[in-house]
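Structural features, examined
Here is what each chain is made of, one letter per residue.
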Amino acid sequence: MTLPPTAILALHRVEKCYENGVQALSNFDLTVFGNEFLTLLGPSGCGKSTVLRLIAGLSEPTRGAVAWAGASQVDHRHEIGFVFQEPTLMPWANVADNVWLPLRLRGLSRREASRQIAESLSRVGLEAFAAAYPRELSGGMKMRVSIARALVMRPRLLLMDEPFGALDEITRFRLNDDLLRLKADLGCTVVFVTHSVFESVSLSDRVVVMSPRPGSVIAELKVDAPDRRGEDFRVSSRYGELCRAVSKVLSEAMADKEA
Amino acid sequence: MTLPPTAILALHRVEKCYENGVQALSNFDLTVFGNEFLTLLGPSGCGKSTVLRLIAGLSEPTRGAVAWAGASQVDHRHEIGFVFQEPTLMPWANVADNVWLPLRLRGLSRREASRQIAESLSRVGLEAFAAAYPRELSGGMKMRVSIARALVMRPRLLLMDEPFGALDEITRFRLNDDLLRLKADLGCTVVFVTHSVFESVSLSDRVVVMSPRPGSVIAELKVDAPDRRGEDFRVSSRYGELCRAVSKVLSEAMADKEA
Amino acid sequence: LAGLSSPAWAEQALTDVTFGTNWLAQAEHGGYYQALADGTYEKYGLKVTIVPGGPRANNRMLMTVGKLDFYMGGSLIQAFSAVEKNIPTVVVAAHFQKEPQVLLSHPGQGLDGFESLKTSNDILLSKDGFATFYQWMKAEYGFKDEQVKPFGFTPAPFIANPRAVQQGYATAEPLTIEKAGGFKPNVFLLADYGFSTYSTTVETRRELIEKNPDLVQRFVDASTIGWYNYLYGDNTKANALIKRDNPEMTDELIAYSVAKMKEYGIVDSGDTAKLGIGAMTDARMKDFFDKMVKAGLFKADLDYRRSYTLQFVNKGVGLDLKPRP
Amino acid sequence: MERPLSTSSGRRFGKRDALRIALPFGLLAAAIAAWELYVRAAGVPAYILPAPSLIARTIVSDWPVLSASLLVTLRTTLLGLVLALVGGVMLAVLFSLSRLVEYSLYPFMVALQVTPVIAIAPLLLIYLPQDTAVLACAWIVAFFPILSNTMLGLQSVDRGLIDLFALYGASPSEGPAARLRSHLRVLWHLRRPAALPAFLAGLRIAVGLSLIGAVVAEMAAGSAGAGSGLAYRIIESQYRLNIPRLFAALILLAITGIVLFGAVAAITHVLLRRWHESALAPTR
Amino acid sequence: MERPLSTSSGRRFGKRDALRIALPFGLLAAAIAAWELYVRAAGVPAYILPAPSLIARTIVSDWPVLSASLLVTLRTTLLGLVLALVGGVMLAVLFSLSRLVEYSLYPFMVALQVTPVIAIAPLLLIYLPQDTAVLACAWIVAFFPILSNTMLGLQSVDRGLIDLFALYGASPSEGPAARLRSHLRVLWHLRRPAALPAFLAGLRIAVGLSLIGAVVAEMAAGSAGAGSGLAYRIIESQYRLNIPRLFAALILLAITGIVLFGAVAAITHVLLRRWHESALAPTR
Ligand SMILES: Nc1ncnc2c1ncn2[C@@H]1O[C@H](COP(=O)(O)OP(=O)(O)OP(=O)(O)O)[C@@H](O)[C@H]1O
Ligand SMILES: Nc1ncnc2c1ncn2[C@@H]1O[C@H](COP(=O)(O)OP(=O)(O)OP(=O)(O)O)[C@@H](O)[C@H]1O
Ligand SMILES: [Mg+2]
Ligand SMILES: [Mg+2]
């Protein structure tokens, strides 16, 4: 399989059938291009998390293939940052140690990593809770620790599964902006799952809408807006238009399947 | 302490200090009236979940009191439905058995409860997954099971901690409508936590905005709109006005604290 | 002997009596099984149940606390200990004049004399053996603690190691070892070297002696008669009972044991010629006690005389059953 | 909205399962063959190490004696195990219901557990009838792992679920009786299934121990002679230098233990297969 | 955005802790008093059941003998425990690294566990030097709970965390060496802490068993005389009808066991206090 020149990976006619017989994906095609911000949008249970897991190599397609540009997939594993849908923190480690993990697994000592950990925690507003244990955090705070953990390693490919779902709007917007800035800084690629149509439009270069289970791509929308988006874009009429367009595709997709 | 006539419970000058010294609430005052739909809105970690736990009697205030109209709190416990922020499903039970739980604890056999279970599952669109185990579900599906479990017992007081955060917009709107209909049917009271300003306005009779930790009430907004809200309301200018007002209070609260 | 034919007992209901032995049923218990098998106990108005012991059974304590009526003592050391600990038990008869305890060694390894055993560094002893006769061997012959190795109640280590010495019973181990190891071991009967304890004694509680001396006398007499009959009469029924209680017992081993008991005079030798089987004398008791004091097992001021009574023995019971030579 | 599940029959019998069975048996066969060869080649006498073939022959030829003893031992083992199960679980439940009881009694349980049964067995005989003493020994040895692991399981319940039950399981009325009832409900519906994995791990330890307990009890307190178990056969064979039979008895014990263990493992698999990490096949 | 934590020193020593200590001791004292009273009132002779006061006097008067034996037994126990710890954990780790090894060896481990050590101790004496045989016995008894519970712990890791580690713990290069390295990393950083609670529960079982193992080993294979442990004192006392000393030795064993158990419980508390449900104080 050959990939388009700027692509970094592609899912080709992927089918994923779980052991209990549930078919999560069927005939799923997706190409991820370098340096882009791609959002997956789709009804609950349509296979978005499954797609991210396939990309990360945590799961293998029943049929079809996940192809990487250039080298083998394993090469990429350690360059992937993944914010899982659930916080998945280690209960026995405090917040700072949880964030330390990806660096620790790369051989950095706690001291060597301390600056990066502090930076990452302050990005999500949790400097004061570095010594707290996961069970002492609120739901949103746990998710923020998980985000800090994914960012601390400055990944080349960032997979985020509804990272901001449990956060208030203010924090969310702030993190949205942060994320865009970080992406520009690192020059990384982001594959993002969200349920917020607004978020998908305000963040991404491309929105991929999935059908209900078994999931497949039913629409792709390019968000043609200035690279640096801010409050301006969010109140522009173009923004409203795009949101409505995405919403429409989404509700059509679900209506289709229900019929 | 005396409560206003139609109130069912009130939190009076409540302070909550966790064992590790974190002060989650301070001087928190809140009265919940019968048959109302109350939304708590506030930054992540401000103590919203803590408030719900205090109301449910799962936690006790360090200072202050939770007062119930009429009888003692224990009397109410079994009339409360609670959708926790995390799905908290029993991993050893399948979906239907998880939903059965509240009825089972009231002595209903699986057969006696089967109609109610099926009804509740179909409300969240999971009829087909009655036999699946929690680990076989997607994040949003787990949350929907949790919602079905809270609804199945037809509670008099429904506490919901960000129930729809992990759901796509279409499902979310559908469940929003369902919830309002159910509330009208049952004549129950709802205390609802959300991060979506839109959701808070479109659902509730009253929005209470909390300050960052230690949480206290900084603003209350009455949503004066027709009882039966639908698509119409959501596109009305009054809706937009209210949303903007809530957003403003919220961002002011956070800015205040940060200063 | 006047009571022997008294009809009074026969008419009375039989008295239940339990007798705990100190090992699995074997020919060394033959006298009691004989009395049981041929009806001697019944004739004496006793319905006897023999409770076999075993490597870790605790029949001694069961007799002490009253769960058994009589107990077969192994040596006098426990009897003296009982006095020391104020335990009200008393030896009423001694059916073995010599303890069949032996030490075994490989022939032709420079271990052919008792004193030469001191040159072995692998004397396999049980913990009981170490605590008792070995203390005497140390005091009397100069054996050392360091020579002792634990004995796991199996002769295999002994057979495998030609320099080893092992404890055993004159009536069993030499045969077992000969069959398994293919050689005849040297046998040193401790009794022949001065370990002068009585063995296979009958012990009971002082309270029983005081309350029912008649019962004790009947049990001692009937058992003694059993021993005469077992050794000199037809013992096939007794052996059948032994084999019932211990299905692994073989005719060959029983025959060997009986032969050795006769050969070494375990049951019937010395004082028994005049006093009858079961005989005990104050002189023997004193001799053994003094040796134990010397070995450091007891303090010299212990009133060891309280450990036994001659009230029930030395009456020549059953002497008439012994065939004239 | 969701399409019905196409129910599949689950995992088929695959290469993995075949390996799982073939490997240990293969290795076992190899080990036995090596043992046989060594004994033959080095000419090791039977009283030091009997060859497997000789042991097998002994099992066959002595089957009447051995099987009777096996039954006796098996009876003690199973009775002891059942008692340990009931006792361990009941104590764990009692402790989980009342901290007061736990604080008061747990140290005694520990004392009971650490006191070597072989040392107290002769004493037990003084105070108890023989049958009871034997059972008490088997029980003492096996019950602690069950108690300890069940307690771990009962205490390791997810906090969220505890809250859930505190809410839904609460009784409408108050008072000690109602509180106890709601406690029991939580115990049954929540702590019981949650404790299952740890409890079963305890049971896996306990089956082996109850067998050991039965043997120790037989050695220490059992009757000799006709109605006696494998322990007696072992001692007797040892004493009589019937080493092939000793090994035969040991092998029978080991096989019994493995069968019991296998039964518990099978139960574990069936009970946890659908939900617990430790029993799930690794999915990709 | 968040205000700094006011660090508090955690829970104070409260009523609950006082109760936790007072209750068992109170009950123990009551039990001892009742025992003493019963013995005196009923005039139970010392050779049937010695009074606690007599046992205490015996411990004091026989201290030179008993303490020397205690040291010997303690040494065997601790050595056996350490070996069991190392062996059990290493095997569990090995099994968790390779299914193949697990399938092949686990049945043998089970066989080892279910074979009563008291029955094989004399055999071990034939094949091994005495010291080694004693240690082997103590080891065999104690290692299985550690193996079994550690395996349970290693296998009960949250799936989400396994995925997390599969991602971040993967080596940049491929090949068996790299795979092993990443396996080991997962083991150390993820499975080790996750298995801790179950492992510690196994250890709590194992301390008691290692003491039992040491006593059994001493009884079966230990030396008599000067350098001998408490087991020999028990047998000797039994033979010499020195029942108070027998009880004294048993009490010393029990105390040793409780102290060891307490040490493990304390370690458990320190290690799990901050995060595991089983060690957390119930908060409201
Ligand atoms: N068990 C606990 N122990 C210690 N601190 C806790 C505990 N639970 C919550 N907290 C602290 O209390 C504060 C409020 O928590 P709470 O869960 O009520 O927040 P929230 O408003 O629900 O946040 P979110 O929107 O993120 O869910 C947080 O700062 C948190 O760190
Ligand atoms: N481990 C599993 N075993 C069996 N079925 C699974 C498993 N994981 C997911 N599924 C099924 O696969 C489908 C897709 O799941 P996935 O988690 O990818 O959905 P999603 O799009 O992320 O949904 P959500 O928005 O609710 O998180 C679901 O129908 C779910 O039931
Ligand atoms: Mg998902
Ligand atoms: Mg919350």
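Residues numbered from 1 in each chain as written. Chains lettered and ligands numbered in written order. Predicted model: local features only at pLDDT ≥ 70, side-chain atom pairs only at ≥ 80, totals over all residues. Heavy atoms only, no water.

1. Re the overall build of chain C
When helices and strands are tallied, chain C shows 15 helices and 10 strands. Overall size of chain C, expressed as C-alpha extent along the three principal axes, is 60 × 45 × 40 Å. Of all 325 residues assigned to chain C, the portion counted as buried reaches 61%. A fraction of 82% describes how many contacts in chain C between residues 6 or more apart in sequence connect residues 24 or more apart. Here chain C contributes 35 positive and 37 negative side-chain charges, whose respective centroids are spaced 2 Å apart. (Helix = DSSP H or I, 4+ residues; strand = E, 2+ residues; numbered from the N terminus. Buried < 20%, exposed > 50% of the residue type's maximum accessible area, 1.4 Å probe, protein only. Contact = heavy atoms within 4.5 Å. Lys, Arg positive; Asp, Glu negative; His and termini not counted. Charge placed at Lys NZ, Arg CZ, Asp CG, Glu CD.)

2. Some details on the nonpolar core
If you look at the biggest cluster of nonpolar residues, it comprises 415 residues, and the most contacted ones within it are Leu-11 of chain A, Leu-11 of chain B, Leu-147 of chain D together with Leu-147 of chain E. Per element, the largest residue contribution to this core is 19 residues, and it comes from helix H8 (residues 176-221) of chain E. Sequence-distant contacts of Leu-147 of chain D, defined by excluding residues within four places in its chain, comprise Gly-88, Leu-91, Ala-92, Phe-95, Tyr-106 and Met-109 of chain D. (Core = buried A, V, L, I, M, F, W, Y, C linked by side-chain atoms within 4.5 Å.)

3. Points about the relation of the copies chain E and chain D
Applying a rotation about an axis and a shift along it to one chain copy brings it onto the other copy. Screw-axis analysis of chain E against chain D gives a translation of 0.0 Å along the axis, an RMSD of 0.1 Å, and a rotation angle of 180 degrees. Taken together, the turn and the small shift mark the pair as related by a two-fold rotation axis. Interface overlap between copies is the fraction of interface residues in one copy that are interface residues in the other; for chain E against chain D it reaches 99%, indicating a shared surface. (Least-squares fit on C-alpha atoms with pLDDT ≥ 70 in both.)

4. What to know about the coordination of the magnesium ion (ligand 3)
All names here are of chain A. Looking at the magnesium ion (ligand 3), one finds its protein donor set to be Ser-49 (OG) and Gln-85 (OE1), positioned 1.9 to 2.2 Å from the metal centre. One end of the pair, Ser-49, is in helix H1 (residues 48-56); the other, Gln-85, is in the loop between strand S5 (80-83) and helix H3 (95-104), with 36 residues separating them in the sequence. In terms of burial, Ser-49 and Gln-85 fall into one category: buried. (Donors = N, O, S within 2.8 Å, 3.2 Å for Na, K, Ca; no water.)

5. Quick word on the site of ligand 1
Neighbouring residues of ligand 1: 23 residues in total, closest Ser-138 of chain A together with Lys-48, Ser-49, Thr-50 and Gln-85 of chain B. More than one chain approaches ligand 1, the contributing ones being chains A and B. Backbone polar atom of Cys-46 of chain B to an oxygen atom of ligand 1: 3.3 Å apart, as the coordinates give it. The separation between an oxygen atom of ligand 1 and a polar side-chain atom of Thr-50 of chain B is 2.5 Å. Notes on ligand 1: free accessible area 630 Å², of which the protein chains cover 92%. Of all the secondary-structure elements, those providing two or more residues to the shell around ligand 1 are helix H5 (139-152) of chain A together with helix H1 (48-56) of chain B. (Near = heavy atom within 4 Å. Polar contact = N/O pair within 3.5 Å; in protein donor to acceptor, adjacent residues only side chain to side chain. Areas by Shrake-Rupley, 256 points an atom, 1.4 Å probe, with all protein chains shown as cover.)

6. Considerations on the coordination of the magnesium ion (ligand 4)
Protein-derived coordination of the magnesium ion (ligand 4) comes from Ser-49 of chain B (OG) and Gln-85 of chain B (OE1), at a distance range of 1.9 to 2.2 Å. Looking at Gln-85 of chain B, the relative accessible area reads 21%, which means it is partly exposed.

7. Observations regarding the sheet that holds strand S4 (residues 63-68) of chain B
All names here are of chain B. Ordered in space as S2-S1-S4, the 3 strands form an open sheet in which the pairing is antiparallel. Every interior strand has two partners, whereas the edge strands, strand S2 (23-33) and S4, have only one. Here the strands of the sheet are splayed against their neighbours by 10 degrees on average, with no regard to which way each runs. Where strand S1 (residues 7-17) meets S4, 5 bridges bridge the pair, whose relative direction is antiparallel. In the strand pairing of S4, Glu-15 is matched with Arg-63. (Pairing = 2+ DSSP bridges. Axes fitted to C-alpha atoms, helices over the stretch in contact; angles between N-to-C directions.)

8. Section: the side chain of Ser-223 of chain C
Residue and element names in this part refer to chain C. Within the fold, Ser-223 resides in helix H11 (residues 213-232). At 2.8 Å, the side chain of Ser-223 and the side chain of Tyr-41 are in polar contact. Excluding anything up to four places from it in sequence, Ser-223 contacts Gly-31, Tyr-32, Tyr-41 and His-95.

9. Section: the pairing of strand S6 (residues 122-125) of chain C
Residue and element names in this part refer to chain C. One ladder, built from 3 bridges, connects S6 with strand S8 (residues 164-169); its direction is parallel. Counterpart to Leu-124 in the pairing with S8 is Gln-166. In this sheet, strand S7 (residues 148-150) lies alongside S6 in parallel orientation, the contact comprising 3 bridges. Bridge assignment links Ile-123 to a residue of S7, and that residue is Val-148.

10. Notes on the sheet that holds strand S6 (residues 157-161) of chain B
Adjacent strands of a sheet pair through backbone hydrogen bonds, lying either parallel or antiparallel. All names here are of chain B. Taken together, 6 strands build an open sheet; the order of strands is S5-S6-S7-S3-S8-S9 and the sheet is mixed. The open sheet has two edge strands with one neighbour each: strand S5 (80-83) and strand S9 (217-222). With strand direction ignored, the average angle separating the axes of adjacent strands in the sheet is 15 degrees. With 5 bridges connecting them, S6 and strand S7 (residues 189-193) associate as parallel partners. Bridge pairing in S7 places Leu-158 opposite Val-190. Docked against the sheet, H1 engages strand S3 (37-41), S5, S6, S7 and strand S8 (206-210), running at close to 155 degrees with respect to S6. Taken strand by strand, helix H6 (residues 169-186) contacts S3, S6 and S7, and its axis lies near 135 degrees from that of S3.

11. Quick look at the interface of chain E and chain C
Chain E puts 24 residues into the contact, and the matching count from chain C is 30 residues. Interface area, chain E with chain C, both sides summed: about 2,300 Å², of which 66% is carbon and sulfur. Our enumeration of links across chain E and chain C arrives at 0 salt bridges. Linking chain E with chain C are 0 residue pairs in polar contact (both at pLDDT 80 or more). Within the residue set of the side of chain E that touches chain C, elements represented by two or more residues are helix H5 (117-127), H8 and helix H9 (230-239) of chain E. Among the residues forming the side of chain E that touches chain C, the class breakdown is 15 nonpolar, 6 polar and 3 charged. (Buried area = accessible area lost by both parts, 1.4 Å probe. Salt bridge = Lys/Arg side-chain N within 4 Å of Asp/Glu carboxyl O. Nonpolar A, V, L, I, M, F, W, Y, C, P; charged D, E, K, R; others polar.)

12. Details of the confidence of the model for chain C
All names here are of chain C. Looking at chain C, the pLDDT average stands at 87 and 94% of residues meet or exceed 70. Scored below 50 in pLDDT, residues 1-8 makes 4 contacts in the model with residues more than four places away or belonging to other chains. The ipTM for the predicted assembly is 0.81, set against a pTM of 0.83. (pLDDT = per-residue confidence, 0-100.)

13. Side note on a nonpolar patch on the surface
A surface patch of nonpolar side chains, amounting to about 380 Å² of accessible area, comprises Ile-21, Phe-25, Leu-28 and Ile-32 of chain D. According to the relative accessible area criterion, Ile-32 of chain D is partly exposed, its value standing at 39%. (Patch = residues over 30% accessible without salt bridge, like charges linked within 9 Å, V, L, I, M, F, W, Y side chains within 5 Å.)

14. Remarks on the packing of H5 of chain E against H8 of chain E
All names here are of chain E. Their axes nearest at 9 Å, the elements H5 and H8 cross at an angle of 50 degrees. What the angle tells us is that H5 and H8 run oblique. By crossing handedness, the relation of H5 to H8 is classed as right-handed. When H5 is examined against H8, the residues Val-117, Ile-118, Ala-121 and Leu-125 are found in contact with a partner set consisting of Val-216, Ala-220 and Ala-221. (Parallel < 35°, antiparallel > 145°, perpendicular 65-115°, else oblique. Left-handed = near helix turned anticlockwise from the far one by under 90°.)

15. Let's talk about the site of ligand 2
Neighbouring residues of ligand 2: 23 residues in total, closest Lys-48, Ser-49, Thr-50 and Gln-85 of chain A together with Ser-138 of chain B. Ligand 2 sits at a junction of chains, with neighbouring residues supplied by chains A and B. In this structure, Ser-49 of chain A approaches ligand 2 through a side-chain N or O atom, which is 2.5 Å from an oxygen atom. A distance of 3.5 Å separates an oxygen atom of ligand 2 from a polar backbone atom of Gly-139 of chain B.

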